[in-house]
Amino acid sequence: MKTHIAAVLATTLALSGLAYAKGDMTLKPVELEELTVGLGDSGFGVSQQKYELETGKAYSLTVKSTGKKECAWQSPGLFQNIFLRKVEAGGMEIKAIHLTELEFEEEGEAEMFFVPVKPGNYAWYCKGMEERGMKGEFIVK
């Protein structure tokens with residue numbers, strides 16, 4: 001009887017149009033290619049502009065600054081649509097339920113551990129420096 005109820009429930013959910021996460025959150029986080037901001041002679045270069053992610057999959061992303069330019073690194077759309085596990089910076093772990101920005105006033109790095117929960121295209125940028133090329137995008141499927 002329980003098997004029948006589970007099958008009916010699974011079929012109902014499948015037909016309802018609800019999206020299912022593709023990832024397995026019990027696995028070790030996928031390490032994304034490191035993002036470095038402040039590259040080049042001008043200090044406005046970035047190492048990576050596009051990241052492709054999947055909902056329900058755990059990721060870690062290291063964001064580094066060369067210190068050539070101050071950078072208030074933001075991605076409001078992504079930050080609103082992830083489960084944030086923690087941020088590691090300066091020899092400590094920061095556990096919070098929400099992130100607004102990573103602010104680099106000088107050379108440094110921070111590593112975010114997170115799980116995307118909603119598909120979409122989410123911009124990231126160093127606030128006020130988007131037009132100079134300090135921007136990119138997260139594509140979450």
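The structure under discussion appears in the preceding block.
Here the residue numbers are simple positions, counted from 1 along each chain's written sequence. Only residues with pLDDT of 70 or above have their local features reported here, since the model is predicted, and side-chain atom pairs are shown and tallied only from 80 upward, although totals for entire chains, interfaces and linings are computed over all residues. Water and hydrogen atoms were dropped before computing side-chain values, which therefore reflect all heavy atoms in the structure.

With that settled, the discussion passes to the overall build of the chain. In terms of regular secondary structure, the chain is built from two helices and twelve strands. The helix and strand sequence of the chain, counted from the amino end, reads α-β-β-β-β-β-β-α-β-β-β-β-β-β. Among the 141 residues that make up the chain, the fraction classed as buried is 37%. Throughout, a contact is declared for two residues whenever any of their heavy atoms are within 4.5 Å. Contacts in the chain between residues far apart in sequence, at least 24 positions, make up 71% of those at least 6 positions apart. Computed by Shrake-Rupley with a 1.4 Å probe, the accessible areas treat only the displayed protein chains as cover when residues are assessed. Entry remark: accessible area of the chain is about 8,600 Å², with carbon and sulfur atoms responsible for 53%. Numbered from the N terminus, helices here are DSSP runs of H or I no shorter than four residues, and strands are runs of E no shorter than two. With a 1.4 Å probe rolled over the protein chains alone, any residue whose accessible area is under 20% of its type maximum counts as buried; one over 50% counts as exposed, and the rest are partly exposed.

Here we come to the pattern of salt bridges. Here the idea is simple: oppositely charged side chains can pair when their charged atoms come close. The salt bridge criterion pairs a side-chain nitrogen of Lys or Arg with a carboxyl oxygen of Asp or Glu, the two atoms within 4 Å. The full count for this structure, using the stated rule, is seven salt bridges. Of the charged contacts, one joins Glu34 and Lys64 as a salt bridge, the two residues approaching to 3.5 Å between their closest N and O atoms. Of this pair, Glu34 sits in the loop between strand 1 (30–31) and strand 2 (35–39) while Lys64 is found in strand 5 (residues 59–65), placing the two residues 30 residues apart along the sequence. Between Lys57 and Glu54 there is a salt bridge, and its shortest N-O distance comes to 3.9 Å. In this structure Lys57 comes out as partly exposed when scored by relative accessible area, which is 27%. Via salt bridges that share partners, Lys86, Glu88, Glu93 and Lys95 belong to a single interconnected network.

Moving on to the pairing of strand 2. With four of five residues buried, strand 2 is to be regarded as a mostly interior element. Two strands qualify as a pair provided that DSSP identifies no fewer than 2 bridges between them. Across three bridges, the pairing between strand 2 and strand 5 is parallel. Residue pairing in the sheet places Val37 in a bridge with Ser65 of strand 5. Bridge count between strand 2 and strand 3 (residues 45–46): two bridges; the pairing is antiparallel. Opposite Leu39, over in strand 3, you have Gly45 as the bridge partner.

What follows covers the nonpolar core. In these notes, a set of buried Ala, Val, Leu, Ile, Met, Phe, Trp, Tyr and Cys residues joined through side-chain atoms within 4.5 Å is what counts as a nonpolar core. Judged by nonpolar contacts, the single largest core of 30 residues is most densely connected at Leu35, Val37, Leu61, Trp73, Leu102, Phe114 and Phe138. When sequence neighbours within four positions are dropped, the list of residues in contact with Leu102 reads Val63, Cys71, Ala72, Trp73, Val87, Ala110 and Met112.

Right, let's talk about the sheet that holds strand 6 (residues 71–74) for a bit. One open sheet holds the five strands; their spatial order is 4-12-11-6-9, and the pairing between them is mixed. In the strand order of this sheet, the two ends are held by strand 4 (50–53) and strand 9 (102–104), each with one partner. Taken pair by pair, the neighbouring strands of this sheet meet at an average axis angle of 15°, ignoring direction. Geometry is summarised by axes, namely lines fitted to C-alpha atoms with helices restricted to the contacting stretch, and by angles between N-to-C directions that run from 0 to 180 degrees.

This is a description of form; function is not addressed.
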